[in-house]
Amino acid sequence: MTSSRCNTAMRLLPVFGILVLAATSGAQQRPPIVEKLAKTYGLESFGQIEAIRYTFNLQFPGVNLSRSWIWEPKTGQVTYEEKDKSGKPVKVTYLRSQLSNQSEDVKKEIDPGFVNDQYWLIFPFHVSWDTSAKVEDAGMQKLPLGKGSAEKVVVKYPSDLGYTPGDTWELYVGKDNRVEQFVYRRGGPAKPSVVIATWAGYKKAGPLLVSTEHRGTADGKPLHLFFSNVAVKLVGANTWMDAQ
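Remember, it's a predicted structure, so these values are computed and weren't measured experimentally. (Residues numbered from 1 in each chain as written. Predicted model: local features only at pLDDT ≥ 70, side-chain atom pairs only at ≥ 80, totals over all residues. Heavy atoms only, no water.)

1. Here's the deal with the nonpolar core
Turning to step 1, where the next piece is worked out: In this structure, Phe 46, Ile 52, Phe 123, Val 155, Trp 169, Leu 171 and Phe 182 are the most contacted members of the largest nonpolar core, which totals 60 residues.
Turning to step 2, where the next piece is worked out: Per element, the largest residue contribution to this core is 12 residues, and it comes from helix 3 (residues 104–129).
Turning to step 3, where the next piece is worked out: The contact partners of Phe 46, leaving out residues within four places of it in the chain, are Ile 52, Trp 71, Pro 73, Phe 125, Trp 129 and Leu 208. (Core = buried A, V, L, I, M, F, W, Y, C linked by side-chain atoms within 4.5 Å. Buried < 20%, exposed > 50% of the residue type's maximum accessible area, 1.4 Å probe, protein only. Helix = DSSP H or I, 4+ residues; strand = E, 2+ residues; numbered from the N terminus. Contact = heavy atoms within 4.5 Å.)

If you want it as structure tokens, here you go:
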């Protein structure tokens, strides 16, 4: 169902944890920056969102792909579109709550791809949602790319949950509470081990703020990852609101 090109990208890209890690009674006290990020990116308005549409684009040595998604958060329905290696369109719709009933392609390739791409798009929300992750405010630190400094926020995932357990995100947050850069460190042996990238190209999609442009390196190799066709549909609406 998926192309070899897509499968290669699945192996190359970091695939981050499960979508929402369950809260526990001993949940960590979160630093204030968590709430600031949530407010800046529009989390308080997330309940207004009926659907999110976006196309994930990756340019990496040996890989040049685009895959499109429509995610309906309230129902957990996901629609995936791409072209196979012969250029034929592939479209799959499934419910994440019924993942065990889906094909092996959906369980092992498409859904991990969805999680990866969705985390790139709205990771600041996951800092709040994923309550089993440990969050530390490490204070002002030098940016990993270029000059300047920002507030470093480390998000560490448990070693026993998610598609790639033990992953760590290091966010560099500016004075406007927007992520400027990040470093991703994979918890397991798969590659890439370290991804360093900018967070730029900010746009508003309805009430949500999203970064659409990421440039940097993956294990030292040039990486360009960007989002196109980003839009949201609000509850009760019939039309999409394009990001701008």
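2. Concerning helix 3
Turning to step 1, where the next piece is worked out: The first and last C-alpha atoms of helix 3 sit only 28 Å apart over 26 residues, clearly below the 38 Å expected at 1.5 Å per residue.
Turning to step 2, where the next piece is worked out: Along its length, helix 3 reaches its greatest deviation from straightness, about 90 degrees, at Ile 122, and the proline Pro 124 lies no more than four positions downstream. (Expected span 1.5 Å × (residues − 1). Bend = angle between axes of the 7 residues up to and from the residue.)

3. Describing the pairing of strand 5 (residues 134–142)
Turning to step 1, where the next piece is worked out: Across 7 bridges, the pairing between strand 5 and strand 6 (residues 149–156) is antiparallel. Bridged to Lys 134 within strand 6 is Lys 156.
Turning to step 2, where the next piece is worked out: Linking two consecutive strands that pair antiparallel, namely strand 5 and strand 6, is a turn of 6 residues; a positive phi of about 75 degrees is found at Gly 146 within it. (Pairing = 2+ DSSP bridges.)

4. Section: the packing of aromatic side chains
Turning to step 1, where the next piece is worked out: Per the stated rule, a full pass over the model turns up 18 aromatic pairs.
Turning to step 2, where the next piece is worked out: Cluster of aromatic residues (ring-pair linked, three or more members): Tyr 119, Trp 120, Phe 123, Tyr 157, Trp 169, Phe 182, Tyr 184 and Trp 199.
Turning to step 3, where the next piece is worked out: Over the aromatic face of Trp 240 sits the side chain of Arg 53, whose NZ or CZ is 4.9 Å from the ring centroid.
Turning to step 4, where the next piece is worked out: Positioned above the aromatic ring of Tyr 202, the side-chain terminus of Arg 178 is 4.9 Å from the ring centre. (Phe/Tyr/Trp six-rings, centres within 6.5 Å; stacked < 30°, edge-to-face > 60°. Lys NZ or Arg CZ within 6 Å of the ring centre and 35° of its normal.)

5. Let's talk about the packing of helix 2 (residues 32–41) against helix 3
Turning to step 1, where the next piece is worked out: As a packed pair, helix 2 and helix 3 sit with axes 9 Å apart at the nearest point and diverge in direction by 140 degrees. Considered as vectors, helix 2 and helix 3 are oriented oblique to each other. Along this stretch, helix 2 crosses helix 3, giving a crossing that reads as left-handed. Between helix 2, through Val 34, Ala 38 and Tyr 41, and helix 3, the contact on the second element is made entirely by Pro 124, Phe 125, Val 127 and Ser 128.
Turning to step 2, where the next piece is worked out: A breakdown of the residues in the contact of helix 2 with helix 3 according to their chemical character gives 6 nonpolar, 1 polar and no charged. (Axes fitted to C-alpha atoms, helices over the stretch in contact; angles between N-to-C directions. Parallel < 35°, antiparallel > 145°, perpendicular 65-115°, else oblique. Left-handed = near helix turned anticlockwise from the far one by under 90°. Nonpolar A, V, L, I, M, F, W, Y, C, P; charged D, E, K, R; others polar.)

6. Quick notes on the pattern of salt bridges
Turning to step 1, where the next piece is worked out: The full count for this structure, using the stated rule, is 8 salt bridges.
Turning to step 2, where the next piece is worked out: In this structure, Arg 96 and Asp 111 form a salt bridge, with 2.8 Å as the shortest nitrogen-oxygen distance. Note that Arg 96 is positioned in the loop between strand 4 (89–95) and helix 3 and Asp 111 in helix 3, a separation of 15 residues in sequence.
Turning to step 3, where the next piece is worked out: Residue Asp 111 is classed as buried on the basis of its relative accessible area, which comes to 0%.
Turning to step 4, where the next piece is worked out: Between Arg 185 and Glu 170 there is a salt bridge, with the nearest N and O atoms lying 2.7 Å from each other. Of this pair, Arg 185 sits in strand 8 (residues 179–185) while Glu 170 sits in strand 7 (residues 168–173); the two residues are 15 residues apart in sequence, bridging distant segments of the chain.
Turning to step 5, where the next piece is worked out: Judged by relative accessible area, which is 8%, Glu 170 ranks as buried.
Turning to step 6, where the next piece is worked out: Members of the salt-bridge network, linked through shared partners, are Glu 104, Lys 107 and Lys 108. (Salt bridge = Lys/Arg side-chain N within 4 Å of Asp/Glu carboxyl O.)

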